[in-house]
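Coordinate inspection notes
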Amino acid sequence: MSKESGDLIPGTLDMLVLKALQLEPMHGWGITERIEQWSKNVLSINQGSLYPSLYRLQRQGWITSEWQVTENGRRARYYQITRAGKKQLTEEQRNWKRLSQAVDGILEMTAP
Amino acid sequence: MDSPREIWSRLRLWLRSNEMERDMDEEMRFHIEKLIERNVREGMSPAEARRTALVRFGGVERFKEESRRESRPRLLEELLQDLRYGIRALRRNPGFTLVAVLTLGLGIGANAAIFSVVDGVLLRPVPLENADRLMVVWETDRNTGTTREPASVPDFLDFRGLSRRFEQVAAFQGLELNLVPLEGEPRRLAALAVSHELLPMAGIRPLLGRTFLPADDETGAPGVALIGESFWQKQFASDPGVLGRAIRLDDLPYTVIGVVPDSADFGTLQILSAADYSRAFADRGRAARVEVWVPLRPDPETLPRATHPIFVLGRLAPGATPEQAQQEMTAVMADLEKTYPENTARGAFIEPFPEVVFGPVRPALLVLLGAVALVLLAACANIASLLVARGAVRQREVAVRTVLGAGWRRLLRQFLVESALLTAAGVALGLVLASLTLDLLVAMAPGGIPRLSEVGLDGRVLSVMLAVSVLVALTVGLIPAFQARKTDLQATLKEESGHGSTTDRQRSRLRSVLVVAELALAVVLSVGAGLLLKSFWRLQQIDPGFRTEGVVKAEVQLPASRYPRSFATWPDWPEQQGFNDRLVERVRALPGVESVAMAGNHPLDAGFTNSFSIVGREDEARDWPEIAIRRVSAGYFPTLGVQLVRGRLFQDGDGAKAPPVLLINKEAARRFFQGRDPLGQKISYWRTEWTIVGIVSNERFLGLGEAPPAAVYSPLAQAPSMNGSGCLLVRGRGDLAALIPEIRGAVRELDPGLAVFGEEPLATTLAESMGQQRFTMLLLAAFAGLALVLAVVGVYGVLSFVVVQRAPEMGIRMALGATQRYVVRQVVWQGARLALVGLALGLAGAFVLTRFLSGLLFGVGATDPVTFLAVPGLVLLAALLASWVPAQRATAADPMSILRAS
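Now for the overall build of chain B. Regarding its fold elements, chain B presents 26 helices and 23 strands. Relative to a compact globule of 902 residues, whose C-alpha radius of gyration would be 29 Å, chain B shows 39 Å and is clearly more extended. Principal-axis analysis of the C-alpha atoms places the extent of chain B at approximately 135 × 85 × 55 Å. When burial is assessed residue by residue, chain B has 44% of its 902 residues classed as buried. At a minimum sequence separation of 6, the contacts of chain B that also span at least 24 residues come to 83%.

Right, dumping it as structure tokens:
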């Protein structure tokens, strides 16, 4: 329950969602689990921002969704990344790399 | 309590988003169940697991609301935000904004103005039915080599009877008539005599009444006339009761039977202008709107095969091609040649009507359109360069916004919104400029451009300009946006100030490319303008062979009613001769008048030609071209400064009853009397033998650009005008304009029913004859000047930037003892390098493009070496000057302060 320290920087959630969907279509819960698992539980996904994010990505045409039946026979909405979404992911990854390097650079500089 | 309206709006929302709401509910329920499952797996009791999951998930309704908002499109909201941001950014930099808007305004304005002319004249549909099926049927003459002669009436009647490739054939003739209104001075007007087929064939429907019927074309039928819409408005205040009323034309009454649109004369002026002779009002300059139409009444009795006064138009039969029509007409003409000696050496030339109408103006207009497009390109390059430069200032802003999460798309949009704002302002300014200059442009344009008066900034022009502006906004916006994308975030954020980074160098390189492009465009346009300038100068250097200084002309048309022209008594027409003599006498008595002449045509009117022979050498004449026949009074030669070479000039005694005499010009002597003495020889035409009494110098009455043709001059008294036209030429001292009312007064005293027209200094007539060349030259020079200014501003801008960029380096160099001259040379060299690359590209471009000018040039080749050297020299000089100013600034700064600043 002490995962609150892992709050996300604004704007990065969308990138992580796209990353999570890169391999296979998943439902919202699956995305949450996948990201928490990948980040070894450092990052926690706030459901309150996950769904707005999914709707936003849909509007931008980077993912699509479809109702399917889970292995337990339950209906769930599965999200799938689009071609444009894949391109966007590459783009955002590159930006993120530059940005984090830049920030690192500054931090290193200000350190004595 | 909800009002019914609120309930309704909720209901609507519910209906629309019902499905999405249910999906959302189900999705979130699924998520919560999964959370509960996990909590239970981690060892909680089901109740606790449920409670914790709900707390963990948070306010379901709030998330749903956020999701709903996220799924709604945001474009407008973001666009408004970008717009506000863009306006703020532009207002923060008034200098930049002003320069950019001004540049675009000039570019767009010039394009809008020229495009409206091109669209109005060339592109708009022709106001006639099936104009592309209409053909002009010219006659040709193998002896003279002329290909655009009018036809004779019998030939026309034969075409009409024999042709199968044409479903209809019609003819017209240009006329100049005196209109004597009930009040006010008599007026000369341009009229057309048309065969009854012409207007229906062209698809012209009367606004009122009817057009001509076959019966109207019969010889001896009552006089009827159609009037144009403008004439109807002016003369009859658009009175619908005009039908049946009478107008007096050259003293004869005509009953008005219909009103036709003004466009009913479409193309006739251009056909007349293209003709080798019988051009009627086409030789009168710009006042050439046809106001009245009368029946042609083609009568082979009065107009035999030897005279060629009419123009034939035909409409191709369905399925027939112009080539087939040409073959058929050639065959018809060959038959006629065998039958009639008058048709010796005659053939036919079929030319599509649109070609005749638009052919002469198309090249110049398209060149101007191309030139103005290049100016717009230069303007775009200039603004893009400005935006890139501003990008330098803004790169930190861009970097910060990227860090704050603004995506590339969003940044791109921001740049595009800014360029769209600039373009919108530029377009607004441009359209204002265009509407202000369009009238000037139309007034400056030479006569004879079809439907020039209809040119205007209308919906068509505006929508094309809108499309062009979208392209401009995209170009101008995308270049700096892609530049910004390359920006190195890390470097930018690290840097204290913007000096010397790799990005700056890239930016500088991009600007250099843009400036090189501007210089190249300026070179292309300047070389084009230079070639036209030189052509015009060449043209003006030509001696026309007659003097224009101090000479005024005024023309009259004597109606046959009061000045009878009976061919039986020719040339003894005492009424016409009396009028000419008395007018010359009266005008000579006016104060300030030195000499006066009466002539059949003024010296820039091509007049007409006739076949002829030399008595005793008739056999040679078979393949001689026709000779120009000038009819002049004795005062002509001193008035116009035409020199006597040998023999004598005309004398008072050379009257209608005296032996016929002639003067020939030097060209005629050279062409037809090689190695013989022309004096005393006899020339035969019009069934008269004329004795040559003198040789005079050549006059270029076909225009300055044409070689002086061989000509004979006969005394007006011995060869009076067969259509009653006469031109008074007056040489005076002092104010020529003051002479004109005096001349009008003299004519009125002699004949109050006679209209005086074409009254102007002969120098004006001469200038007007070069109208098209002057128009094209002035416009192209203006565009070249504009492009040059843009290029100079571009060079200046780039080098100013370079100077700021290299200030620390220069500071160090100067601190280490570099001289000011060294620094100046460094900067100027950088400018010179740009200029040289631009020049090389521009010259290559000019080399390729000036061939499109070749039809507009005179006495200059399309790759004239002098122009190709001089013009780039000028551009280079301008570029060096533009780089010298920032170079001076580089040395002016104190090295220490620069070093400290960096």
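Turning our attention to the overall build of chain A. Counting its secondary structure elements, chain A contains four helices and three strands. Reading the helices (α) and strands (β) of chain A from amino to carboxyl end gives α-β-α-α-β-β-α. Out of the 112 residues belonging to chain A, those deemed buried represent 32%. Sequence-distant contacts, at least 24 apart, represent 48% of the contacts inside chain A between residues at least 6 apart.

All names here are of chain A. Structurally, Leu50 can be placed in helix H3 (residues 47-59). Its 21 C-beta neighbours within 10 Å are what place Leu50 among the buried residues. In the structure, Leu50 is positioned 17 residues away from Glu33 in sequence and 12 Å away in space, judged by C-alpha atoms. If sequence neighbours within four positions are ignored, Leu50 has contacts with Gly28, Ile31, Thr32 and Ile45.

This brings us to the packing of helix H17 (residues 574-588) of chain B against helix H20 (residues 736-750) of chain B. All names here are of chain B. Between H17 and H20, whose axes approach to 10 Å, the crossing angle comes to 140°. It follows from the interaxial angle that H17 and H20 lie oblique. Remark: the crossing between H17 and H20 carries right-handed chirality. Listed contacts from H20 to Phe579, Arg582, Leu583, Arg586 and Val587 of H17 are Ile743, Ala746, Val747 and Leu750. The residue inventory of the contact of H17 with H20, partitioned by class, reads seven nonpolar, no polar and two charged.

What follows concerns H17(B). Residues and elements named next belong to chain B. For H17, with 15 residues, the first-to-last C-alpha span of 21 Å sits near the 21 Å given by 1.5 Å per residue. Restricting attention to buried positions, one finds in H17 the residues Gln576, Phe579, Asn580, Leu583, Val584 and Val587. Taken end-on, H17 shows its buried residues confined to a sector of 125°, consistent with a single buried face. Residues of H17 that are exposed and angled more than 90 degrees away from the buried face: Gly578 and Glu585. For H17, the elements touching its buried residues are strand S13 (593-599), strand S22 (725-732) and H20.

This part takes up unusual backbone geometry. Residues and elements named next belong to chain B. In this chain, Trp570 is followed by Pro571 through a cis amide linkage whose omega measures 5°. You will see that Asp251, though not glycine, has its phi angle at about 75°, which is positive. Relative to the helices and strands, Asp251 is located in the loop between strand S7 (246-249) and strand S8 (252-260). Overall, the presence of 14 C-beta atoms within 10 Å leaves Asp251 in the partly exposed class. The phi dihedral of Arg687 falls on the positive side, at around 55°, and the residue is not glycine. For Arg687, the position within the fold is in the loop between strand S19 (682-685) and strand S20 (688-696).

Residues and elements named next belong to chain A. In this model, chain A carries an average pLDDT of 81, and 88% of its residues clear a pLDDT of 70 or more. Per-element averaging of pLDDT across chain A places H3 at the bottom with 82 and strand S1 (residues 26-27) at the top with 90. Every residue in residues 1-5 is under pLDDT 50, and counting partners more than four places away or in other chains gives two contacts.

Moving on: the environment of B:Glu667. Residues and elements named next belong to chain B. Assignment of secondary structure puts Glu667 in helix H19 (residues 666-672). Residue classification places Glu667 among the partly exposed positions, given that 19 C-beta atoms sit within 10 Å. The sequence separation of Glu667 and Ala711 amounts to 44 residues, and the corresponding C-alpha distance is 7.3 Å. Ignoring anything within four residues of it in the chain, the contact list for Glu667 reads Asn698, Pro708, Pro709 and Ala710.

A few words now on the packing of helix H1 (residues 12-21) of chain A against helix H2 (residues 28-38) of chain A. All names here are of chain A. Closest axis-to-axis distance for the H1/H2 pair is 10 Å, and the angle between their directions is 100°. When the axis of H1 is compared with that of H2, the two are roughly perpendicular. On H2, the residues that touch Leu16, Val17 and Ala20 of H1 are Ile31, Arg34 and Ile35. Looking at side-chain class alone, the contact of H1 with H2 contains five nonpolar, no polar and one charged residues.

Strand order in the open sheet formed by three strands is S1-S3-S2 (chain A), with antiparallel pairing between adjacent strands. Looking at the sheet topology across the chains shown, the edges are occupied by S1 and strand S2 (63-69) of chain A.

For helix H25 (residues 865-892) of chain B, with 28 residues, the first-to-last C-alpha span of 41 Å sits near the 40 Å given by 1.5 Å per residue. For H25(B), the full list of buried residues reads B:Thr867, B:Phe868, B:Val871, B:Pro872, B:Val875, B:Ala879, B:Ala882, B:Ser883, B:Pro886, B:Ala887 and B:Ala890.

Further remarks concern the nonpolar core. Residues and elements named next belong to chain B. Residues Val137, Ala191, Val292, Val312, Leu313, Leu662 and Val712 are the most contacted members of the largest nonpolar core, which totals 132 residues. If you tally residues by element for this core, the top one is strand S3 (residues 166-179), at eight residues. If near-sequence neighbours (up to four positions away) are discounted, Leu313 is found in contact with Leu134, Met135, Val136, Val137, Ala170, Leu198 and Phe353.

What counts as what
- Residues numbered from 1 in each chain as written.
- Chains lettered and ligands numbered in written order.
- Predicted model: local features only at pLDDT ≥ 70, side-chain atom pairs only at ≥ 80, totals over all residues.
- Helix = DSSP H or I, 4+ residues; strand = E, 2+ residues; numbered from the N terminus.
- Rg over C-alpha atoms; globule rule 2.2 N^0.38 Å.
- Buried ≥ 20, exposed ≤ 12 C-beta atoms within 10 Å, placed from the backbone.
- Contact = placed C-beta atoms within 7 Å.
- Axes fitted to C-alpha atoms, helices over the stretch in contact; angles between N-to-C directions.
- Parallel < 35°, antiparallel > 145°, perpendicular 65-115°, else oblique.
- Left-handed = near helix turned anticlockwise from the far one by under 90°.
- Nonpolar A, V, L, I, M, F, W, Y, C, P; charged D, E, K, R; others polar.
- Expected span 1.5 Å × (residues − 1).
- Arc of directions from axis to C-beta.
- pLDDT = per-residue confidence, 0-100.
- Pairing = 2+ DSSP bridges.
- Core = buried A, V, L, I, M, F, W, Y, C linked by C-beta atoms within 7 Å.

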